[in-house]
Amino acid sequence: MLERVEYRGELTYVVAPVDWVEVLRACKETQSLAFDQLDCLLGDHLPERAAAPFAVVAHLTSHRHGHRLRVKTALAEGQALATVTGLWPSAGFDEREAWEMYGIVFEGHPDLRRLLTTDDFEGFPLRKDFPLQGTIGGRIRTDLRGKI
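Calculation criteria
- Residues numbered from 1 in each chain as written.
- Predicted model: local features only at pLDDT ≥ 70, side-chain atom pairs only at ≥ 80, totals over all residues.
- Heavy atoms only, no water.
- Helix = DSSP H or I, 4+ residues; strand = E, 2+ residues; numbered from the N terminus.
- Buried < 20%, exposed > 50% of the residue type's maximum accessible area, 1.4 Å probe, protein only.
- Polar contact = N/O pair within 3.5 Å; in protein donor to acceptor, adjacent residues only side chain to side chain.
- Contact = heavy atoms within 4.5 Å.
- Pairing = 2+ DSSP bridges.
- Axes fitted to C-alpha atoms, helices over the stretch in contact; angles between N-to-C directions.
- Core = buried A, V, L, I, M, F, W, Y, C linked by side-chain atoms within 4.5 Å.
- Salt bridge = Lys/Arg side-chain N within 4 Å of Asp/Glu carboxyl O.
- Expected span 1.5 Å × (residues − 1).

So, on to the side chain of Thr 12. Here Thr 12 shows up in strand β2 (residues 10–14). We classify Thr 12 as buried; its relative accessible area is 7%. Polar side-chain contacts of Thr 12 include one of 2.8 Å to the side chain of Arg 70. Among residues more than four places away in sequence, those in contact with Thr 12 are Glu 3, Arg 4, Val 5, Arg 70 and Lys 72.

Put into structure tokens, the structure is as follows:
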């Protein structure tokens, strides 16, 4: 663990990318923790952090204990993060979205392909440096049949 932050009663742990899966596995499998639900997994782009401009955040819930936890990690440009689809299959869609919108690669993901944009879309639309007018080529999908 690199950092522990408590804000308004919510607990957040910041971990190294190499510890990502191990920490999340412990959160799920340790009986005294029992974080059995991954509420969501998301990416973020913080270009002001030059060394590690990307963040991945997992929001966990323990139904047994009624606790919530946030686990974060920071990534450098081009640095991959191990998938957690083996722990929570529902992470598949969240990881696909983080890859598509930010370019964060999830190593070992069983189906890392575009979900919301067409196959010829260029760039990562939720990065803060993405042009406001978009790019040439590709479009945002409105018909998701056959993609999900």
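Here we come to the sheet that holds β2. If you trace the five strands from one edge of the open sheet to the other, you get β1-β2-β5-β4-β3, paired in mixed fashion. Strands at the two margins of the open sheet, each flanked by one partner only, are β1 (3–7) and β3 (37–45). Between one strand and the next, the sheet's axes are offset by a mean angle of 20 degrees, whatever the strand orientation. Note that β1 and β2 share five bridges and pair antiparallel.

The biggest cluster of nonpolar side chains holds 25 residues, and the ones touching the most others in it are Trp 20, Leu 24, Val 56, Leu 60 and Val 84. Among the elements of the structure, α1 (20–29), β3, β4 (54–62), β5 (67–75) and α2 (91–102) are those that each provide at least two residues to this core. Among all residues touching Leu 24, those that are not within four sequence positions of it are Ala 58, Leu 60, Val 71, Val 84, Leu 87 and Trp 88.

The subject of this paragraph is the environment of Gly 78. With respect to the helices and strands, Gly 78 occurs in the loop between β5 and β6 (81–82). Between the C-alpha atom of Gly 78 and that of Phe 54, which follows or precedes it by 24 residues, the distance is 9.6 Å.

The next point concerns the pattern of salt bridges. Tallied over the full model, the rule gives nine salt bridges. We note a salt bridge from Arg 4 to Glu 6, for which the minimum N-O separation is 3.7 Å. Residue classification places Arg 4 among the partly exposed positions, given a relative accessible area of 48%. A salt bridge links Arg 127 to Glu 77, with the nearest nitrogen and oxygen atoms 3.2 Å apart.

Before going further, it helps to spend a moment on α2. For α2, spanning 12 residues, the distance from its first C-alpha to its last is 16 Å, which sits close to the expected 16 Å at 1.5 Å a residue. When you tally the buried positions in α2, you get 10 out of 12 residues, the bulk of the element. Here α2 has its buried residues at Ala 91, Gly 92, Asp 94, Glu 95, Arg 96, Ala 98, Trp 99, Glu 100, Met 101 and Tyr 102. On its buried face, α2 sits against β3, β4 and β7 (106–107). At the exit of α2 stands Gly 103, carrying a positive phi of roughly 85 degrees.

This is a description of form; function is not addressed.
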